Amino acid sequence: MCQRTTNTFQNILAWQRAHEFVLSVYRTTRGFPEYEKYGLCSQFQRAAVSIPANIAEGYRKLSKADKLRFFNIAQGSLEECRYYVLLSRDLGYIDDNSYNMLYAQIEETSKLLNGYCKGIINTSYGNQM
């Protein structure tokens, strides 16, 4: 299941969805108050960027343990973003439609990343991944 079928991290569906999420976060945070530029906007953007960045970095690691460590960091950043989405809604910076869209993107990315990790765990591939 997890044989090498990609030539680059960009072919990983979890990375693609994470990248789309980052773009959504940047578009969304443009509408935040100016005083949040170095506060919530910065934290939210950094956490979002960390998701696909860690997937990309983990992609080229040779051992399962190294790969899974980076993918676990990506999952942690997803959860951090889950909170920022909730906080943004509760502060009135985003409406329910934006909240639902961002939350759905987090859910989809998380599920895809979990599946990718399970594939790595359940596959004996040595250093071929």
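Further up the page is the structure itself.
Residues numbered from 1 in each chain as written. Predicted model: local features only at pLDDT ≥ 70, side-chain atom pairs only at ≥ 80, totals over all residues. Heavy atoms only, no water.

Now for the side chain of Ser24. Along the polypeptide, Ser24 turns up in helix H1 (residues 13-29). Of the residues examined, Ser24 reaches a relative accessible area of 4% and is grouped as buried. Residues contacting Ser24, with those up to four places away along its chain left out, are Met101, Leu102 and Gln105. (Helix = DSSP H or I, 4+ residues; strand = E, 2+ residues; numbered from the N terminus. Buried < 20%, exposed > 50% of the residue type's maximum accessible area, 1.4 Å probe, protein only. Contact = heavy atoms within 4.5 Å.)

This part is about the environment of Val25. Positionally, Val25 belongs in helix H1. Judged by relative accessible area, which is 0%, Val25 ranks as buried. Along the chain, Val25 and Leu87 lie 62 residues apart, while their C-alpha atoms are 13 Å from each other. Discounting chain neighbours no more than four positions away, the residues touching Val25 are Phe44, Gln45, Ala48 and Leu102.

Compared with the 39 Å implied by 1.5 Å per residue over 27 residues, the 38 Å span of helix H4 (residues 96-122) between its first and last C-alpha is a close match. Within the sequence span of H4, burial applies to Tyr99, Leu102, Gln105, Ile106, Thr109, Ser110, Leu113, Tyr116, Cys117, Gly119 and Ile120. The inward-facing, buried residues of H4 contact H1, helix H2 (40-59) and helix H3 (64-90). One side-chain oxygen at the N-terminal end of H4 lies 3.2 Å from the backbone nitrogen of Asn97; it belongs to Asp95. (Expected span 1.5 Å × (residues − 1). Polar contact = N/O pair within 3.5 Å; in protein donor to acceptor, adjacent residues only side chain to side chain.)

Moving on: the state of the cysteines. Tallied over the entire structure, the rule returns zero disulfides. A disulfide-free cysteine, Cys81 has its sulfur positioned 13 Å from the sulfur of Cys41, the nearest such atom. (Disulfide = S-S within 2.5 Å.)

Per the counting criterion, the structure on display carries five salt bridges. The residue Glu107 makes a salt bridge to Arg82 at a minimum N-O spacing of 2.4 Å. Within this pair, whereas Glu107 is found in helix H4, its partner Arg82 is found in helix H3, the two being separated by 25 residues in sequence. Residue Glu107 is classed as partly exposed on the basis of its relative accessible area, which comes to 26%. (Salt bridge = Lys/Arg side-chain N within 4 Å of Asp/Glu carboxyl O.)

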